[in-house]
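# Understanding the architecture of this molecule
Residues per chain are reported as follows:
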Amino acid sequence: MVGRGRWAAWLVAVSAAPALTLALIATHGVNVPWYDQWFGLVPFLQEHQAGSLGAGELYAQHNEHRPVVPRTTQILLAQLTDWDIRAELALNFAVALATFVLVALALRRTLERAAFAIAGVVASIVLFSTSQWESWLWGWQLEWFLSSLAAIGACWSLTFLLERSRPAGLAVGAACAIVASFSLGHGTVVWPVGLALLVLRGRPWRVWAALGVLTFVAYYAEYIDPPFHPSKTVFLEQPLELARYVVLYVGSPFGHTAATGAVAGLGLVATFLAGAAYVVRHRADRALLDRSSFWLATGAYALGAAAITGVARVGHGWQQAGSSRYATVGALFAVSTLALVFAIAPRHGLGTRALALIALVLALPALYVTATRGIDRFEGRGDELRAQAACVHRVRSPTDPCLRRSPASPDVKYDAVLYLRAAGLAGF
């Protein structure tokens, strides 16, 4: 009975953060397009309805990305739901939930029971933090959630599935890596990370390397640098700004301000790099390597994503790394770092109390940010979405002032509103 009671209590603790986030999505999610959706999806819906949408259009760049998979998924979902944005929000949450399940299974495979119980609760708090409020209320963000799930799937396949079947491990891992690459630009990071993982574990790597090269060639064929973005060589002139960008990127879920987020990120990066160096140095310890490999790979992926984003965006200023949408990857890095520490802990006899203290240090800042910033931002964005919905449903002129009232107004085209109205999409 005691065992069942503890299991039930753990399930309640693990479910609390997802339940809160889901309730906030249900309360503040609005059936109206937002920002990139006006120019990044509406034209594709028009082409699809006209029967002129081809593979070339699906493959087209959006900024630095080629979001083939999420773009195709969103078009199909729009067809099924008359483009109900709330269905996109539900899908995003479902993908995030699948990511958490995969993380929890990895925790169970690599950690002792007590460490798993602690880390599972912290992972739930961090991965479902309201610091990601922008992504939770924006259907467009499927590309972020999907790239994270696919990257974790690739690391899982190369770590665990490969041990049971090399062909299956490589095939599933490569499929996941392709999805990650063609969901978001930094998804391509999974290829070098996977290569390093295979080499570290002494597994065949040539097929993976060849597939990675082919993917990069396909991705960058006819690639065009977005003309309205800062130069990607700025970081060479401002390396310190790049470093600040990276640490804020991974630390923003734990900081109430840019400065505190950067401090949190610096601590996480230092801890992860120290843990990675330790594992590499003691890689002859097979048990340690088996416990740590998955977390090394997922952490390296998240850190690589932060670095590649920093190279592309540091020209906007390092504070831009505190954007809510980046917290999705920052949360993954934090969980990987915590799990890596827990995987190393048995080698030094750290007990449950010590692990609980480490977890508390990581969880409390995330809870603080959720309570003091995330929920308020949810409410604020919900108000903006409701105002935009009211505008587009009543507007009858391209010069109506309401089209210029919100931060997204430059991207709200009256022609797009007319199309949605005529097609009966997005709540019309």
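Residues numbered from 1 in each chain as written. Predicted model: local features only at pLDDT ≥ 70, side-chain atom pairs only at ≥ 80, totals over all residues. Heavy atoms only, no water.

### A word on the overall build of the chain
The cut-off we apply is this: A helix here means a DSSP run of H or I that spans at least four residues, while a strand means a run of E at least two residues long, and both kinds are numbered starting from the N terminus. For the radius of gyration, the atoms used are the C-alpha atoms, and the globule rule reads 2.2 Å times the number of residues raised to 0.38. Residue exposure (1.4 Å probe, protein chains only): buried if accessible area is under 20% of the type maximum, exposed if over 50%, otherwise partly exposed. The contact criterion used throughout is that any non-hydrogen atoms of two residues lie within 4.5 Å.
From N to C terminus, the chain includes 19 helices and 0 strands. Whereas a compact globule of 428 residues would reach a radius of gyration of roughly 22 Å, the chain reaches 22 Å, a difference of no more than 12%. Seen through its C-alpha atoms, the chain measures out along the principal axes to roughly 70 × 50 × 45 Å. Taking all 428 residues of the chain together, 54% fall into the buried category. Taking contacts inside the chain between residues at least 6 apart in sequence as the whole, the part at least 24 apart equals 77%.

### Considering empty space enclosed by the protein
Rules: Buriedness for pockets is judged along seven lines, at least five of which must meet protein on both sides within 12 Å for an open set on the 1 Å grid over protein atoms alone, while cavities are sets there where a 1.4 Å probe fits but cannot get out, and lining residues have an atom within 4 Å of a point. Grid points are joined across faces, edges and corners, and a volume is the space filled by probe spheres set on the points.
Summed over all chains, the structure comprises 2 cavities of 30 Å³ or more. Considering only enclosed or pocket space, the largest cavity measures out at about 120 Å³ in volume. If you trace the largest cavity, you find it lined by Ala96, Thr99, Phe100, Leu127, Phe128, Gln132, Phe145, Ser148, Ile152, Thr328, Ala331 and Leu332. For the lining of the largest cavity, the secondary-structure elements that each account for two or more residues are helix 6 (85–110), helix 9 (142–164) and helix 17 (327–344).

### Brief notes about the nonpolar core
To keep it simple, the criterion reads: Working definition of a nonpolar core: buried Ala, Val, Leu, Ile, Met, Phe, Trp, Tyr and Cys residues. They are joined through side-chain atoms within 4.5 Å.
In this structure, Trp83, Leu107, Tyr249 and Phe342 are the most contacted members of the largest nonpolar core, which totals 136 residues. The residues touching tyrosine 249, leaving out its near neighbours within four places in the chain, are Trp144, His186, Ala305, Ala306, Thr309, Ala321, Tyr326, Val329 and Gly330.

### Here we look at unusual backbone geometry
With a phi close to 55°, asparagine 63 is a non-glycine residue in the positive phi region. According to the relative accessible area criterion, asparagine 63 is partly exposed, its value standing at 22%. Here tryptophan 83, not a glycine, exhibits a phi torsion of approximately 45°, which is positive. Within the secondary structure layout, tryptophan 83 lies in the loop between helix 5 (68–81) and helix 6.

### Quick word on the packing of aromatic side chains
This is how it is decided: Between 30 and 60 degrees the pair is tilted, below 30 it is stacked and above 60 it is edge-to-face, where a pair is any two Phe, Tyr or Trp rings, Trp via its six-membered ring, whose centres lie within 6.5 Å.
The final tally for this structure, using the stated rule, is 21 aromatic pairs. Centre to centre, the rings of tryptophan 7 and tryptophan 10 are 5.3 Å apart; their planes meet at 15°, and the pair counts as stacked. With tryptophan 7 and tryptophan 10 both in helix 1 (residues 2–28) and 3 residues apart, this pair spans about one turn of that helix. When its relative accessible area of 15% is taken as the criterion, tryptophan 10 is described as buried. Arranged with centres 4.8 Å apart and planes meeting at 20°, the rings of tyrosine 249 and tyrosine 326 form a pair that is stacked. Of this pair, tyrosine 249 sits in helix 14 (residues 239–251) while tyrosine 326 sits in the loop between helix 16 (286–313) and helix 17; the two residues are 77 residues apart in sequence, bridging distant segments of the chain.

### Some remarks on a nonpolar patch on the surface
We count it as follows: Each patch is built from residues that are more than 30% exposed by relative accessible area and take part in no salt bridge. Like charges join if they lie within 9 Å; nonpolar side chains (Val, Leu, Ile, Met, Phe, Trp, Tyr) join within 5 Å. Computed by Shrake-Rupley with a 1.4 Å probe, the accessible areas treat only the displayed protein chains as cover when residues are assessed. We define a salt bridge as a side-chain nitrogen of Lys or Arg found within 4 Å of a carboxyl oxygen belonging to Asp or Glu.
Taken together, the side chains of Leu357, Leu360, Val361, Leu364 and Leu367 present a nonpolar region at the surface, about 470 Å² in accessible area. Tracing the backbone through its elements, the reader meets valine 361 in helix 18 (residues 352–394).

### Looking at the packing of helix 3 (residues 42–50) against helix 19 (residues 414–423)
In plain terms, the rule: Note on geometry: axes are C-alpha line fits, over the in-contact stretch for helices, and angles between N-to-C directions span 0 to 180 degrees. When an angle is under 35 degrees it counts as roughly parallel; over 145 it counts as roughly antiparallel; between 65 and 115 it counts as roughly perpendicular; any other value is oblique. A clockwise turn of the near helix away from the far one marks a right-handed crossing, whereas an anticlockwise turn of less than a right angle marks a left-handed crossing. Gly is placed with the polar residues, together with every amino acid not listed as nonpolar (Ala, Val, Leu, Ile, Met, Phe, Trp, Tyr, Cys and Pro) or charged (Asp, Glu, Lys and Arg).
Across the interface, helix 3 lies against helix 19 with an axial gap of 11 Å and an inter-helix angle of 45°. Comparing their axes, helix 19 and helix 3 come out oblique. Every pair of crossing elements has a handedness; the one defined by helix 3 and helix 19 is left-handed. Listed contacts from helix 19 to Val42, Leu45, Gln46 and Gln49 of helix 3 are Ala416, Tyr419 and Ala423. A per-class count over the contact of helix 3 with helix 19 returns 5 nonpolar, 2 polar and no charged.

### Observations concerning the environment of alanine 387
Take alanine 387: it is sitting in helix 18. Alanine 387 sits in the partly exposed class, given a relative accessible area of 47%. Between the C-alpha atom of alanine 387 and that of valine 30, which follows or precedes it by 357 residues, the distance is 9.9 Å.

### Section: helix 7 (residues 113–127)
The test is simple: In a helix, the anticipated span is given by 1.5 Å times the number of residues less one.
Between the first and last C-alpha of helix 7 there are 21 Å, a value that for 15 residues agrees with the 21 Å anticipated at 1.5 Å per step. Among the residues making up helix 7, those that are buried are Ala115, Phe116, Ile118, Ala119, Gly120, Val121, Val122, Ala123, Ser124, Ile125, Val126 and Leu127.

### Observations regarding the layout of surface pockets
Where empty space is left becomes clear once a probe the size of a water molecule has been rolled over the atoms. Roughly 710 Å³ of internal volume is contained in the largest pocket. Taken together, 34 residues form the lining of the largest pocket, with Asn63, Glu64, His65, His229 and Arg313 sitting closest to its centre. Those elements that place two or more of their residues in the lining of the largest pocket are helix 2 (36–40), helix 9, helix 12 (206–220) and helix 16. Among the elements that line the lining of the largest pocket, the one with the most residues is helix 16, at 4 residues. Its residues placed into classes, the lining of the largest pocket shows 16 nonpolar, 9 polar and 9 charged. By volume, the second largest pocket amounts to about 260 Å³. Leu268, Thr271, Ile358, Val361 and Leu362 are, among the 13 residues lining the second largest pocket, the residues nearest its centre.

### Quick notes on the pattern of salt bridges
All told, the structure shown has 14 salt bridges when counted by the stated rule. Here glutamate 163 ties to arginine 201 by a salt bridge, and the two come within 3.4 Å at their closest N and O atoms. Placement of the pair is glutamate 163 in helix 9 and arginine 201 in the loop between helix 11 (190–200) and helix 12, with a sequence separation of 38 residues. Its salt-bridge partner being lysine 232, residue aspartate 225 comes within 2.8 Å of it at the nearest N-O pair. Accessibility expressed as a relative area gives 22% for lysine 232, which makes it partly exposed. In the salt-bridge network here, residues are joined through shared partners; they are Glu163, Arg201, Arg203, Arg286 and Asp290.

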